[in-house]
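Chain by chain, the residues run as shown.
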Amino acid sequence: MTLNRTVCGVASLLAFALVGCNPVPTAEGPKKKPLTDLAADTVAVGLVPWPKTILSQGELRADEVVAIGTRVAGRVAKVHVELGDRVAANQPLVSIDPDEFHLLVEQAEAQLAQTRSAVGLAPDALVENLQPENAPPVRQERVVWDEAKSSLQRALLLKKQNAIAQGEYDLAVVAERVAETRYASALNAVREKIALIGVREAELRLAEQRLADATIVAPFDAFVQQRQVAPGAYLTVGAPVLSLVRTDPLWFRGTLPERHAADLKVGLKMMLKIESVNDPIAAEVSRISPALDPQSRSLVFEARLSNPENRLRTGLFAEAEIVLEPNATAVAIPESSISKFAGAEKVWQVKDSLSSEREIITGKTRLGMTEVIDGLTVGEVILSNGALGRVARIIPKLTPTNPPDTETKTAHAIVDEVNPVPEG
């Protein structure tokens, strides 16, 4: 019994020793997946024409806005236009009762005729041709003066012959002097009446002007923005009757911050985007304020917009993209090469035929090209289609088109887009 237990113990120790000498099998580590091949188009990152632009917000303003007033007082007889009507220059807008003004014209005509007849001027004769010496009152006094001079000469002869007394001779001298004075007075009176004719003619023209002013006309082609009177209303001098607005051309008025004030120049091109207009409108800077606004530290500028069909309205909000540097360049890549996830923008870079993901910061997008502000440098290669990107071995895909030519065409299109031909 004891021998059997000993044998069993030795056998157990031998078995344990044999088991301890054999290594314990371990689990194998994860094997790396082999890279797959991906046939895809690639594009080299490069500089493309990318004009420097800046956005400015503003509104459309009318070329002219004016409140039309009356130059004469009177009662409104008729209003010829309504709100929104298109009016032409010199078209009647409001008529004031003209009866009183007709009477004033007739009165001025009568006073002028009276003054002309006082100096013997015919109705159709020109006052410039009138000689004061030939006026009837002057000729009459001239005859009296001539007779007095003849009487004085006779008296002088008779005095030399002692045929008359000294007193009678003195009377003849006085009579001649009185006649001469009356002649001079008549001559002055005629000259005064000739001047009065000018006054009467001015009064007649003033009366005729008041009659013409009784009909208020449009000063230029425009639209009626507001009507402020009705028939029967009595107007005082200067009272407003209508408001007119000229909408061709219109002016976009915008502002730029102080840091861009030195870059703004007359003639710079821009594109205007208006919410109610589908297509952008080409324009250029036409006028620039000589001083900055001290409150906002911004510079005001205006751009002229042709509006012959009244398609645009005053007061519309607009956003302008102004080209400050038309010859500038930038790093830009096709928009299709960018993939977006969780607010981040990435591209698939290809280096040594292997693709890897890289995060970038982008700017503006124009005609399928996106500006890269940070994350890529000139000469690097990326996948043209970011949606197909993954870690893989890239095999360049053969395409019938030449990518550099396509990029060149796109670059020219970008330049054309931001350097438009202004309308009108």
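Below or above, wherever it landed, is the structure these notes cover. The model shown is predicted, which means the values in this text are computed figures rather than measured ones.

Thresholds, definitions, all that
- Residues numbered from 1 in each chain as written.
- Predicted model: local features only at pLDDT ≥ 70, side-chain atom pairs only at ≥ 80, totals over all residues.
- Heavy atoms only, no water.
- Helix = DSSP H or I, 4+ residues; strand = E, 2+ residues; numbered from the N terminus.
- Buried < 20%, exposed > 50% of the residue type's maximum accessible area, 1.4 Å probe, protein only.
- Contact = heavy atoms within 4.5 Å.
- Areas by Shrake-Rupley, 256 points an atom, 1.4 Å probe, with all protein chains shown as cover.
- Phe/Tyr/Trp six-rings, centres within 6.5 Å; stacked < 30°, edge-to-face > 60°.
- Lys NZ or Arg CZ within 6 Å of the ring centre and 35° of its normal.
- Pairing = 2+ DSSP bridges.
- Core = buried A, V, L, I, M, F, W, Y, C linked by side-chain atoms within 4.5 Å.
- Salt bridge = Lys/Arg side-chain N within 4 Å of Asp/Glu carboxyl O.
- Axes fitted to C-alpha atoms, helices over the stretch in contact; angles between N-to-C directions.
- Parallel < 35°, antiparallel > 145°, perpendicular 65-115°, else oblique.
- Left-handed = near helix turned anticlockwise from the far one by under 90°.
- Nonpolar A, V, L, I, M, F, W, Y, C, P; charged D, E, K, R; others polar.
- Patch = residues over 30% accessible without salt bridge, like charges linked within 9 Å, V, L, I, M, F, W, Y side chains within 5 Å.
- Polar contact = N/O pair within 3.5 Å; in protein donor to acceptor, adjacent residues only side chain to side chain.
- Expected span 1.5 Å × (residues − 1).
- Arc of directions from axis to C-beta.

### Describing the overall build of the protein chain
Argument step 1. Counting its secondary structure elements, the protein chain contains 5 helices and 22 strands.
Argument step 2. Per-residue burial over the protein chain gives 34% buried out of 424 residues.
Argument step 3. Residue pairs in contact within the protein chain that sit at least 24 positions apart in sequence constitute 75% of those at least 6 positions apart.
Argument step 4. As displayed, the protein chain offers around 26,200 Å² of accessible surface, 55% of which is attributable to carbon and sulfur atoms.

### What to know about the packing of aromatic side chains
Argument step 1. Enumeration over the complete set of coordinates arrives at 2 aromatic pairs.
Argument step 2. If you follow R287 out to its NZ or CZ, it ends over the ring of W251, 3.6 Å from the centre.

### Focus: the sheet that holds strand β7 (residues 92-96)
Argument step 1. Strand order in the open sheet made by the 4 strands is β8-β7-β5-β10, with antiparallel pairing throughout. Edge positions in the sheet fall to β8 (215-217) and β10 (234-235), since each of these pairs with one other strand and no more.
Argument step 2. As judged from the 3 bridges shared by β7 and β8, these two strands associate in the antiparallel manner. Each residue of the ladder has a partner; that of S95, found in β8, is T215.

### Focus on the nonpolar core
Argument step 1. By size, the foremost hydrophobic cluster in this structure holds 24 residues, and its most contacted members are F252, M270, L272, L305 and I322.
Argument step 2. Of all elements in the fold, only β4 (52-69), β11 (240-257), β12 (269-274), β13 (281-288), β14 (298-305) and β15 (317-325) reach the threshold of two or more residues within this core.
Argument step 3. Ranked by size, the runner-up nonpolar core spans 22 residues in total, among them V76, A214, V229 and L244.

### Focus: the environment of Q131
Argument step 1. Along the chain, the position of Q131 falls in the loop between α2 (99-118) and α3 (136-160).
Argument step 2. We classify Q131 as partly exposed; its relative accessible area is 42%.
Argument step 3. Each C-alpha atom, one on Q131 and one on L187, is 10.0 Å from the other, the two residues being 56 residues apart in sequence.

### Some words on the pattern of salt bridges
Argument step 1. Per the counting criterion, the structure on display carries 18 salt bridges.
Argument step 2. Among the salt bridges present, the one from D37 reaches R393, with a minimum N-O distance of 2.9 Å. You can see D37 sitting in strand β1 (residues 37-40) and its partner R393 sitting in strand β22 (residues 393-396), a full 356 residues away along the chain.
Argument step 3. Residue classification places D37 among the partly exposed positions, given a relative accessible area of 44%.
Argument step 4. A salt bridge links E141 to R182; its shortest N-O distance comes to 3.4 Å. With E141 in helix α3 and R182 in helix α4 (residues 166-213), this residue pair connects regions lying 41 residues apart in the sequence.
Argument step 5. By relative accessible area, E141 is classed as buried at 10%.
Argument step 6. Through salt bridges with shared partners, a single ionic network connects D63, E64 and R246.

### Side note on the pairing of β14
Argument step 1. Most of β14 is tucked away, with 6 of its 8 residues classed as buried.
Argument step 2. As judged from the 8 bridges shared by β11 and β14, these two strands associate in the antiparallel manner. The residue of β14 that forms the bridge with R253 is E302.
Argument step 3. The pairing of β13 with β14 spans 3 bridges and is antiparallel. Residue pairing in the sheet places I288 in a bridge with F301 of β14.

### A look at the packing of α3 against α4
Argument step 1. As a packed pair, α3 and α4 sit with axes 8 Å apart at the nearest point and diverge in direction by 160 degrees. Taken together, the axes of α3 and α4 lie roughly antiparallel to each other. Two packed elements cross with a definite hand, and for α3 against α4 that hand is left-handed.
Argument step 2. A breakdown of the residues in the contact of α3 with α4 according to their chemical character gives 17 nonpolar, 2 polar and 7 charged.

### Here we look at a nonpolar patch on the surface
Argument step 1. A contiguous nonpolar patch, built from L35, L354 and V391 and spanning about 250 Å² of accessible area, is present on the exposed surface.
Argument step 2. With respect to the helices and strands, L354 occurs in strand β19 (residues 354-366).
Argument step 3. Owing to a relative accessible area of 37%, L354 belongs among the partly exposed residues under this scheme.

### What to know about the side chain of E345
Argument step 1. Inspection of the secondary structure assignment puts E345 in strand β18 (residues 344-351).
Argument step 2. Here the side chain of E345 touches T362 through a polar contact of 2.5 Å, side chain to side chain.
Argument step 3. Non-local contacts of E345, meaning those with residues more than four positions away in its chain, are made with I338, S339, K340, R358, E359, I360 and T362.

### As for unusual backbone geometry
Argument step 1. Between D248 and the following residue, P249, the backbone shows a cis peptide bond with an omega angle of 5 degrees.
Argument step 2. Residue position: P249 is located in strand β11.
Argument step 3. Phi at R297 is positive, roughly 55 degrees, even though this residue is not glycine.
Argument step 4. Within the element layout of this structure, R297 appears in the loop between β13 and β14.

### A closer look at α2
Argument step 1. With 20 residues, α2 extends 29 Å from end C-alpha to end C-alpha; this agrees with the ideal 28 Å at 1.5 Å per step.
Argument step 2. Of all the residues in α2, the buried ones are F101, V105, A108, L112, T115 and R116. Across the axial projection of α2, the buried residues extend over an arc of 100 degrees, all falling on one side. Across from the buried face of α2, at angles greater than 90 degrees, the exposed residues are D99, E100, L103, E106, Q114 and S117.
Argument step 3. Elements that come into contact with the buried residues of α2 comprise β7 and α4.

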